[in-house]
Each structure stands twice: as structure tokens, then as C-alpha cells.
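Here are the chains, one letter per residue:
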Amino acid sequence: MPPCPCGSTLDLAACCGRFHAGEPAPTAAALMRSRYAAYALGRLDYIEATCAGPAGLAFNRVEAEASQIGTSWIALEIVATRKGREADSEGTVGFIARYRHNGVEAALTETSRFRRIGGRWVYWDREATPRATGPGRNDPCPCGSGKKFKKCCG
């Protein structure tokens, strides 16, 4: 079996693959890892199914598919978690996701908010974080065009 893209030492089937197959992730961090693995594997159905609230409203399948072209995901680093355990109803996970887009390496740094709805963890939204290095790929372009940075000046 192939190793799981989330960076665990387990193979895909024993790690995030079981969540992709329908088993609920037990914690917010497990959902975060499984969403990263889904991006790495191009499993956008899983990404869409695990969004709710503001993230569910903001998810655009066409944009997600376009952003996958030329992108390979390199590594995930979980840097912080708050709540998000099996007994919690909400939690946050801070992470750095390293990727290569059209040959250029970059990193996405985010603190994601998760909620448990109907016994399943979902990605709810993200906390705003100050950026010292400029906008991220999915942020609005600072030129004011209304497009995402990656589709405009990025």
C-alpha cells in the first residue's frame, strides 16, 4: 500500500484513506490531515463533503479543480491544535502545507476552524492571520480585481 500523504508513518488505507471511504474522522486534527491527503490525491469530492458553514458556501468546485493543475503537495506540518478532540464540538488546527505549483515551491500557513455537526467533524472556516510575506494563493488579490491572487497577480 502507498504511504499516506498526510505525513504519518501509516499506509493510506490505515490512515486517511478510511476517512475518504466514509469513516468519520475522530478529531479535528485527523480531519485536517485527511483533507490535506485528499488535496494531494485530487479527491475533491471529499474536500467538498467535509466543508460546512462559511467554508461550504465559499467552496467552488471549478476553482478547486483549476488550482490542482500544476500543483503537487509536498508535506504537511501541524503546528498547533486547540480543542478538537473526540469529546469537543469545535476546535482549531494550525498548519503549514508545503506545495509546488508549476515548479515553484511555496507554503500555505493557516489556522482552520472545525466544528462537529451530527457526530462528524467539518471544516468551518479559517482564522485571519497577519501575513508578512504577502497574500496566499486563495486570498483576494491585493490589486482589487476581486479575483483570487493565484488567478490574477500571483
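Now for a look at the structure at hand. (Residues numbered from 1 in each chain as written. Predicted model: local features only at pLDDT ≥ 70, side-chain atom pairs only at ≥ 80, totals over all residues. Heavy atoms only, no water.)

### Some thoughts on the sheet that holds strand E4 (residues 120-127)
Put simply, the rule is: Should DSSP find at least two bridges between two strands, the strands are regarded as paired. Secondary structure elements follow DSSP: runs of H or I no shorter than four residues count as helices, runs of E no shorter than two count as strands, and numbering proceeds from the N terminus. To obtain an axis, a line is fitted to C-alpha atoms, over the contacting stretch when the element is a helix, and the angle between two such axes runs from 0 to 180 degrees between their N-to-C directions. Residues count as neighbours in contact if any of their non-hydrogen atoms are within 4.5 Å of one another.
As summarised here, the arrangement of the four strands in space is E1-E2-E3-E4, forming an open sheet in which the pairing is antiparallel. Where the open sheet ends on each side, the last strands, each with one partner, are strand E1 (71-83) and E4. Here the average twist between neighbouring strands, direction ignored, is 35°. As defined by bridge partners, E1 adjoins strand E2 (residues 90-101) across 11 bridges and the pair is classed as antiparallel. Across the sheet, Glu77 pairs through a bridge with Ile96, a residue of E2. Sitting on the sheet, helix H2 (residues 28-41) is in contact with E1, E2, strand E3 (104-117) and E4, with an inclination near 170° to E1.

### Details of the nonpolar core
For clarity, the cut-off: As used in this record, nonpolar core signifies buried Ala, Val, Leu, Ile, Met, Phe, Trp, Tyr and Cys residues forming a set joined through side-chain atoms within 4.5 Å. A simple rule labels every residue: compare its accessible area, found with a 1.4 Å probe on the protein chains alone, to the largest value its type can have, and call it buried under 20%, exposed over 50%, or partly exposed in between.
Counting residues in each nonpolar core, the largest one holds 24 residues, and the members touching the most others are Leu31, Met32, Tyr36, Ala97 and Phe114. Within the residue set of this core, elements represented by two or more residues are H2, helix H3 (44-49), E1, E2 and E4. The leading source of residues in this core is H2, at six residues. Setting aside its immediate chain neighbours within four residues, Phe114 contacts Ala28, Leu31, Met32, Arg35, Ser89, Glu90, Gly91, Val93, Trp121, Val122, Tyr123 and Trp124.

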